[in-house]
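Chains, contacts and geometry: an overview
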Amino acid sequence: MMIYDVAIIGAGVVGAMVARELTRQGQSVILLEKASDVATGASRANSGIVHAGFDAKENSLKAKFNVAGANMMASLCREMGVAYVQNGSLVVGFDQEDQQTLEGLLKRGVENGVTGLALLSGDEVRALEPSLSEDVTCALLAPTGGIVCPYELTIAAVGVAMYNGAELKTNFAVSSITEEGGVWHLSNGEETVCATYVVNCAGTHSDDIARMIGDDRITITPRRGEYILLDRACEGLVSRTIFMAPGKMGKGVLVSPTCHGNIIVGPTAVNMEEKDNTSTTAEGLAEVRRLAQKSVKDIPFGRGITIFCGIRAVGNTGDFIIECPRPRFVHCAGIESPGLSASPAIALYVAQLLQKEGAVLSIRADFDPHYTPAVHFRHLSDEEKNDIIARDPRYGRVICRCETVTEGEIVQTLHQLPIPRDLDALKRRTRCGMGRCQGGFCTPYVTEIMARELGVDELSLTKSGGDSPLLLAATKTAKGGTK
Amino acid sequence: MKTVTTDLVVIGGGPAGMSAALAAYDQGIRDILILERDNALGGILRQCIHNGFGLHRFGEELTGPEYAARDAIRVKELSIPYMTDTMALSLSPDLEVRATSQTNGIFKIKAKAVILAMGCRERPAGALGIAGNRPAGVYSAGTAQKFVNMKGYMPGRDVVILGSGDIGLIMARRMTLEGAKVHAVCELMPYSGGLARNIEQCLNDFDIPLLLSHTVTRLHGKKRLEGVTIQKVDENRRPISGSEQYIPCDTLLLSCGLIPENELTTEAGIALDRVTSGAIVDQDRMTSLSGVFACGNVLQVHDLVDFVSEEAAIAGKAAANFIKNQKTPPISVSLNAGDGVRYTVPQIVTEAKDVTVYFRVTDVQKDVRIALYDGDTCLLSKKKISVAPGEMETLSLSPEVLKEANGKTLTIKIERKD
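All values derive from a computational prediction rather than experimental measurement.

A word on the overall build of chain A
The secondary structure content of chain A amounts to 12 helices and 23 strands. Taken over the C-alpha trace, chain A has a radius of gyration of 23 Å; the compact-globule value for 483 residues is 23 Å, and the two agree within 12%. A principal-axis box enclosing the C-alpha atoms of chain A has dimensions of 70 × 60 × 45 Å.

Comments concerning the overall build of chain B
Looking only at helices and strands, one finds 9 helices and 29 strands in chain B. For the C-alpha atoms alone, the extent of chain B along its principal axes is close to 60 × 60 × 40 Å. Counting over 418 residues, chain B shows a buried share of 53%. In chain B, of all internal contacts separated by at least 6 residues, the share reaching a separation of at least 24 is 65%.

Topic: the interface of chain B and chain A
Tallying the contact residues gives 40 residues for chain B and 45 residues for chain A. Taken together, the elements giving at least two residues each to the side of chain B that touches chain A come down to strand 7 (96-101), strand 8 (105-116), strand 9 (120-122), helix 3 (125-128), strand 10 (131-132), helix 4 (141-151) and strand 12 (153-154) of chain B. Among the elements that make up the side of chain B that touches chain A, the one with the highest residue count is helix 4 of chain B (6 residues). Partitioned by chemical class, the residues of the side of chain B that touches chain A number 14 nonpolar, 15 polar and 11 charged. Sheet topology note: the strand 23 (residues 473-474) of chain A/strand 12 of chain B ladder contains 2 bridges and is antiparallel. Looking at the pairing, Ala473 of chain A lines up with Met154 of chain B of strand 12 of chain B.

Describing the sheet that holds strand 8 (residues 146-148) of chain A
Two modes of strand pairing occur in sheets, parallel and antiparallel, and in both the strands are linked by backbone hydrogen bonds. Residues and elements named next belong to chain A. With antiparallel pairing, 3 strands are arranged side by side in an open sheet as 3-8-4. Every interior strand has two partners, whereas the edge strands, strand 3 (49-50) and strand 4 (84-85), have only one. With 2 bridges joining them, strand 4 and strand 8 adopt antiparallel strand pairing. Residue pairing across strands places Tyr84 opposite Val148, the latter belonging to strand 8.

Here we look at the domain arrangement of chain A
Residue and element names in this part refer to chain A. Here chain A is partitioned into domain 1 (1-83 + 148-219 + 315-373), domain 2 (89-143 + 221-314) and domain 3 (377-460). Listed per partner, the contact involves 12 residues of domain 1 and 9 residues of domain 3. Broken down by class, the residue content of the side of domain 1 that touches domain 3 amounts to 9 nonpolar, 2 polar and 1 charged.

Concerning the domain arrangement of chain B
All names here are of chain B. By domain assignment, chain B separates into domain 1 (2-120 + 259-327), domain 2 (124-256) and domain 3 (335-416). When each unit is reduced to the centre of its C-alpha atoms, the spacing between domain 2 and domain 3 is 34 Å. Taken together, the contact between domain 2 and domain 3 spans 5 residues of the former and 5 residues of the latter. Looking at the side of domain 2 that touches domain 3, its residues break down into 2 nonpolar, 3 polar and no charged.

Quick word on the sheet that holds strand 24 (residues 348-349) of chain B
All names here are of chain B. Judged by pairing direction, the sheet is mixed, and its 5 strands sit side by side in the order 24-22-29-26-27 without closing on themselves. Two strands close off the open sheet at either side, each with one partner strand: strand 24 and strand 27 (377-387). As paired strands, strand 22 (residues 333-337) and strand 29 (residues 409-416) are joined by 4 bridges and run parallel to one another. Within the sheet, the bridge partner assigned to Leu335 lies in strand 29 and is Leu410.

A look at unusual backbone geometry
Between Ser337 of chain A and Pro338 of chain A the backbone carries a cis peptide bond, its omega angle lying at 5°. When you line up the elements, Pro338 of chain A lands in the loop between strand 20 (329-333) and helix 8 (339-356). A cis amide bond links Val345 of chain B with the next residue in sequence, Pro346 of chain B, at an omega value of 0°. Relative to the helices and strands, Pro346 of chain B resides in the loop between strand 23 (341-345) and strand 24. You will see that Asn171 of chain A, though not glycine, has its phi angle at about 55°, which is positive.

Details of the nonpolar core
Ile11, Ala20 and Ile115 of chain B are the most contacted members of the largest nonpolar core, which has 153 residues in total. The biggest single contributor to this core is helix 8 (residues 305-323) of chain B, with 11 residues. Apart from residues lying up to four places away in sequence, Ala20 of chain B is in contact with Val10, Ile115, Ala117, Cys295, Ala312, Ala313, Ala315 and Gly316 of chain B. By size, the runner-up hydrophobic cluster in this structure holds 130 residues, among which are Ala70, Leu105, Val158 and Ala210 of chain A.

Examining the environment of Ile230 of chain B
All names here are of chain B. Tracing the backbone through its elements, the reader meets Ile230 in strand 17 (residues 227-232). Accessibility expressed as a C-beta count within 10 Å gives 23 for Ile230, which makes it buried. Note: C-alpha distance between Ile230 and Leu211 (19 residues apart in sequence) is 9.8 Å. Look past the residues within four positions of Ile230 in its chain and what remains in contact with it is Cys186, His214, Thr215, Val216, Thr217, Gln245 and Ile247.

A word on the packing of helix 10 (residues 407-414) of chain A against helix 11 (residues 423-430) of chain A
Residues and elements named next belong to chain A. At their nearest, the axes of helix 10 and helix 11 sit 10 Å apart, and the two run at 115° to each other. Read as a crossing pair, helix 10 and helix 11 show a hand that is right-handed. On the side of helix 10, the interface is formed by Glu409, Ile410 and Thr413, while helix 11 contributes Leu426, Arg429 and Thr430. Looking at side-chain class alone, the contact of helix 10 with helix 11 contains 2 nonpolar, 2 polar and 2 charged residues.

Some details on helix 6 (residues 196-203) of chain B
Residues and elements named next belong to chain B. Every buried residue of helix 6 is accounted for by Asn198, Ile199, Cys202 and Leu203. Down the axis, helix 6 shows its buried residues gathered within 105° of arc, on one side only. In helix 6, the exposed positions that point more than 90 degrees away from the buried face belong to Ala196 and Glu200. Its buried side turned inward, helix 6 meets helix 5 (166-177), strand 14 (181-187) and strand 15 (210-212).

So, the environment of Arg224 of chain B
With respect to the helices and strands, Arg224 of chain B occurs in the loop between strand 16 (214-220) and strand 17. Residue classification places Arg224 of chain B among the buried residues on the basis of 21 C-beta atoms within 10 Å. For the pair formed by Arg224 of chain B and Gly137 of chain B, sequence separation is 87 residues and the distance between their alpha carbons is 6.0 Å. Those residues in contact with Arg224 of chain B, other than ones at most four positions away along the chain, are Asp467, Ser468 and Pro469 of chain A together with Pro135, Ala136, Gly137 and Asp250 of chain B.

Points about the packing of helix 1 (residues 13-24) of chain A against helix 5 (residues 150-163) of chain A
Residues and elements named next belong to chain A. At a minimum axis separation of 8 Å, helix 1 and helix 5 run at an interaxial angle of 30°. It follows from the interaxial angle that helix 1 and helix 5 lie roughly parallel. Considering the relative orientation of helix 1 and helix 5, their crossing is left-handed. Contact residues: Val13, Ala16, Met17, Ala19, Arg20 and Thr23 in helix 1; Pro150, Leu153, Thr154, Ala157, Val158, Val160 and Ala161 in helix 5. Among the residues making up the contact of helix 1 with helix 5, the classes are represented as 10 nonpolar, 2 polar and 1 charged.

Brief notes about helix 2 (residues 64-77) of chain B
Residues and elements named next belong to chain B. With 14 residues, helix 2 extends 20 Å from end C-alpha to end C-alpha; this agrees with the ideal 20 Å at 1.5 Å per step. Within helix 2 the residues assigned to the buried category are Gly64, Tyr67, Ala68, Asp71, Ala72 and Val75. As for helix 2, its buried residues are in contact with helix 1 (15-26), strand 3 (51-53), strand 4 (62-63), strand 5 (82-83) and helix 8.

Some points on the environment of Lys76 of chain B
Mapped onto the elements of the fold, Lys76 of chain B is located in helix 2. C-alpha separation for the pair Lys76 of chain B and Asn133 of chain B, spaced 57 residues apart in sequence, amounts to 48 Å.

Details of the pairing of strand 13 (residues 158-162) of chain B
Residue and element names in this part refer to chain B. The buried count for strand 13 comes to 4 of 5 residues, which makes it a mostly enclosed element. Here strand 13 pairs with strand 14 via 5 bridges, running parallel. Bridge pairing in strand 14 links Val160 to Ala184. What joins strand 13 to strand 14 is helix 5, and the crossover it makes is right-handed. Alignment of strand 13 against strand 19 (residues 251-254), held across 4 bridges, turns out to be parallel. Of the residues in strand 19, the one forming a bridge with Leu162 is Leu254.

Parameters at a glance
Residues numbered from 1 in each chain as written. Chains lettered and ligands numbered in written order. Predicted model: local features only at pLDDT ≥ 70, side-chain atom pairs only at ≥ 80, totals over all residues. Helix = DSSP H or I, 4+ residues; strand = E, 2+ residues; numbered from the N terminus. Rg over C-alpha atoms; globule rule 2.2 N^0.38 Å. Buried ≥ 20, exposed ≤ 12 C-beta atoms within 10 Å, placed from the backbone. Contact = placed C-beta atoms within 7 Å. Nonpolar A, V, L, I, M, F, W, Y, C, P; charged D, E, K, R; others polar. Pairing = 2+ DSSP bridges. Domains from an automatic or database assignment. Core = buried A, V, L, I, M, F, W, Y, C linked by C-beta atoms within 7 Å. Axes fitted to C-alpha atoms, helices over the stretch in contact; angles between N-to-C directions. Left-handed = near helix turned anticlockwise from the far one by under 90°. Arc of directions from axis to C-beta. Parallel < 35°, antiparallel > 145°, perpendicular 65-115°, else oblique. Expected span 1.5 Å × (residues − 1). Right-handed = clockwise from strand over helix to strand, strands pointing away.

Below, the structure is given as structure tokens:
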């Protein structure tokens, strides 16, 4: 029986970063994911912000790992070919009370070690961001704030881990955990995976996992957040991430560019019972529109291309819960915002915890930190485009017209770890179908390429794994008529 | 980078692009290049296997592929150059088109005139803001049409259709013929957005209910669609609380409007009409960028391909005259959409000749007059038994009327016939 050094439960951004780090430090790693792809929970749908680090309480794990993680983000993204922009962020306020809140955030930021923070007047901040509303009277500028694509980051980190030997098991929902003779047995009811160490990175389900080892101290409250995404034609509406001062109206919503040139507006913050309910609501979207207009004027909501809802895993301590409840078992629970920013630093900390638990860690000389996602044709110069088409003519065939994604990119991605097996997984990697027509034109072409490259029947393809078939049958005509 | 020069580049090899190229050819232009992104000429007609095309132009009922073939065969017989699997990436203000293909890589075409004929796209589900999850089984009607007609796959068995645009109506019938059950077509407006003949032939003939003033307010099912909630809407198109009705279904097809694909146009700095989302054009279908013409669904969404071809021929002929540098003494008349009129194409007229103005009305009305005004003076009018937003209207302007109106704004209105 194969016994891995470490089994990681959950292939979100935290699990991915932990898998990458532990692989780097010489561990044999298996990553267990209940969905059909990585990055399908909180890491799929969030604001994609690398927070500067002025928000979290001094001396909290959130504060510590946010600043440390954010400092690692630029080089990590460069190594892994992930879109990252240090676009700076602004927290805008509307009255005297907000001004005081911003002063408090400034003070906290300085204590947390955030550099470059500055308080601006309404006019000063409007000179930087002309689309801000006239109601804005003050702002906190954080030049170190950034934006990153959360699922690209997760996919790349899992990819790096896998190319360095880690294994990924998708569609594996851990349902019971037992320990025998110093080995953890993780079962999904049909199959068992064995490992010396376990890291619980199960997001909204990390409390369920904790209960499997008799630890009932953790409660995760799923908190939904609805978003509206605007067409790339709206690029430039704002160039920094615009937060609202937390106050009477709650945390407000943000208006931000994404790494891909869209504008993202949201999220709402509503606690709920169901852990995997990512449905949008009419009320939530109305709330997003209403709040956003307070900080940014004339947001062209008519150019919305999609809406979505994400889930944050809110813990019951107010801070990240990263600890060893049992020997050789680590929780990474309650990793809500700023979890994305903190994830690289969390991974280092988990390695330290495992070392204390007896794991023998040493950085591998042969570890390759690079990930090379398929080039985005759209971002190449004409010369580079011609070079790549000369090498592989499939890069000259545009499949997704809205995002200019070529057959070459799609084919390369379909053969790259972690392999995308459903349409949404491919979409997250290549951006085909992410544009203004939302797959209206390219889907029938993409399914054909997927079926061919993956060696499966087109009828077996799904949108998001499991029971989500895209097509239900052949037509009568295709079957040769009804006679 | 390879750069070629040509008299005329036509972007798009659908019915508009082909008709424009043929019209330019008929005017003596030989140096033409049609760029088509799919692997054959014909555009969206290739997947429209139903009949009903060509009644106006050919006096007979053709299928989409048959209609497209008439033009495609002529293009080939006349050896008008075209490239398939070739996508235009940009258009510069000095009429340089950048395109890409597998065989040529990135290349540039310098042209004396450019005709935009890129067609339109369907409004996607995300833009409609329907609450719920994003399960499999939600398609725009055209995507479903491609799967069924071109690839032989059924996207679903139990279908609800949102939007009564023509493609939605056509797909209601098509899915039914292929053995699916179409439970309802919901239309937000109190009238259908499609042609009356399609309501008759695609819904009524198959007992498919058309629910006017209804919309889909929620998608159910996490992985694959399991049902939709539909609701009645009030006169402001807001869902009426208490009117919720659940329809179990595995597929929702959307036919909620077509959007002209004007990304190249916008990047070239060409002025667009806020209502049509197409370029602002004159009687020759010339845009605000001299030498660039637009026609077909990229200019305004049409009901009938016959009118697309007609409009494209105007653009093709005018582009040829532009290349030959044939100018007539200019005038300037602005056309304004007045009461009951959503928009007009063209929006301006720069030559005193016979000009047909195309327009759409804002509401369904019976016994009306289409009238042309210069201020308070009615210049001409014509009676109509009924008008509807789903059916394009026309008004012919004579050279005399236009000459007289030089420098003025003429307004087209819908009036009650009293």
